[in-house]
Amino acid sequence: MFSSCADPSTLSGLSWLRCYLTTGKHLDFYWSFVTVLTLLAVTAPVSLGFGFGGAMLARSHHLPLRIIGKGYTAMVRGVPDIVFFLFFVIALDQGIEWMVHQVRCPDWIEPIRNGLEFRVCPQAKVPQNSAPQLWHSVYGFALAVVTFALVFGAFASNVLYGAMQAVPRAQLETAEAYGMTHAQVFRRVLVPQMWVYALPGLSNLWMILIKATPLLFLLGVQDIVYWARELGGAKTSAYAYPHPDWRLYYFLGLLVFYLVMTKLSEVVLTRVQARLSHGQATAAGEAQRKAAV
């Protein structure tokens, strides 16, 4: 990055360290923090959407929809996350390419699957082999978001279902007695009040999601843990910046990052919980009322 860094062999002390920390690989390392934060920012609302849909299906009066909602929750929650991450991404990627293959190569006569080999026509590759690296990265990131959202959406579905069940039935019946339709009761009474019951469980899911981001390396995304291991390993004189094993220092940096993320999350979630509890007939709401008196 700096012109003075052209010849690393002439550097020493802080100059060497400054040049070492601004190499291209270190810039990729810094950018991976943005990747992790973007994953959290995108996955959280998408997971909540999956969870809300699953909870609504689980509460449906129609048996097929109820089976789908409860089956989705039970299936994903019953499979270890690492197994789901390893299997689902491959299945989703091959499923997308298979559908594209059926559209673009209808005259293809060779078998798509031959034992363990999965082979489609070159036009069905997603993204195309000739596509810029950016599109390959975006595609991999999109697969990661969908996978994380499906896994954590199942847990969110269970939390939201329990929160909906926790809303006092008397309030729903009172709203119906005033002439509200089922849709109005759901939208104006049930959903606004369920969040105060759901937030503790959703808070735990958010913390687990933060801790689960190192699983990105299973999906082919070069995350902060990958780069910390890659950059911290011992480098010999064959490298421009040789150094001993520094993985301890890199992982200590990641420890600080995750602890800061956890602390900031706790502060924000505590304020959201206090806001949602205001005026509610819950333990937190009663504590606020007594404190005000």
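Above this text is the structure in question.
Cut-offs and rules
- Residues numbered from 1 in each chain as written.
- Predicted model: local features only at pLDDT ≥ 70, side-chain atom pairs only at ≥ 80, totals over all residues.
- Heavy atoms only, no water.
- Axes fitted to C-alpha atoms, helices over the stretch in contact; angles between N-to-C directions.
- Helix = DSSP H or I, 4+ residues; strand = E, 2+ residues; numbered from the N terminus.
- Left-handed = near helix turned anticlockwise from the far one by under 90°.
- Contact = heavy atoms within 4.5 Å.
- Nonpolar A, V, L, I, M, F, W, Y, C, P; charged D, E, K, R; others polar.
- Disulfide = S-S within 2.5 Å.
- Buried < 20%, exposed > 50% of the residue type's maximum accessible area, 1.4 Å probe, protein only.

> Where do I start with the packing of helix α6 (residues 169–177) against helix α7 (residues 182–212) in this structure?
How two helices pack is summed up by the angle between their axes together with the distance between the axes. One can describe the packing of α6 onto α7 by two numbers: an axis separation of 10 Å at closest approach and a directional angle of 145 degrees. Between α6 and α7 lies a crossing whose hand is right-handed. Touching Q171, L172, A175 and E176 of α6 are H182, V185, V189, L190 and Q193, all from α7. Across the contact of α6 with α7, the residue classes tally to 5 nonpolar, 3 polar and 1 charged.

> Got a minute to help me understand the state of the cysteines in this structure?
A covalent bond between the sulfur atoms of two cysteines is what we call a disulfide. Here the structure, examined in full by the defined rule, presents 2 disulfides. Between the sulfur atoms of C105 and its disulfide mate C121 the distance is 1.8 Å. Looking down the S-S bond of the C105 and C121 bridge, the torsion is 80 degrees, so its handedness is right-handed. Here C105 is found in the loop between α4 (81–104) and β1 (113–114), whereas its partner C121 is found in the loop between β2 (117–118) and α5 (133–166), with 16 residues between them in sequence. Here the two residues C105 and C121 agree in accessibility, since each one is buried. By sequence-ordered numbering of the bonded cysteines, the protein has its disulfides arranged as 1-2, 3-4.

Purely geometric stuff here, so don't read any function into it on its own.
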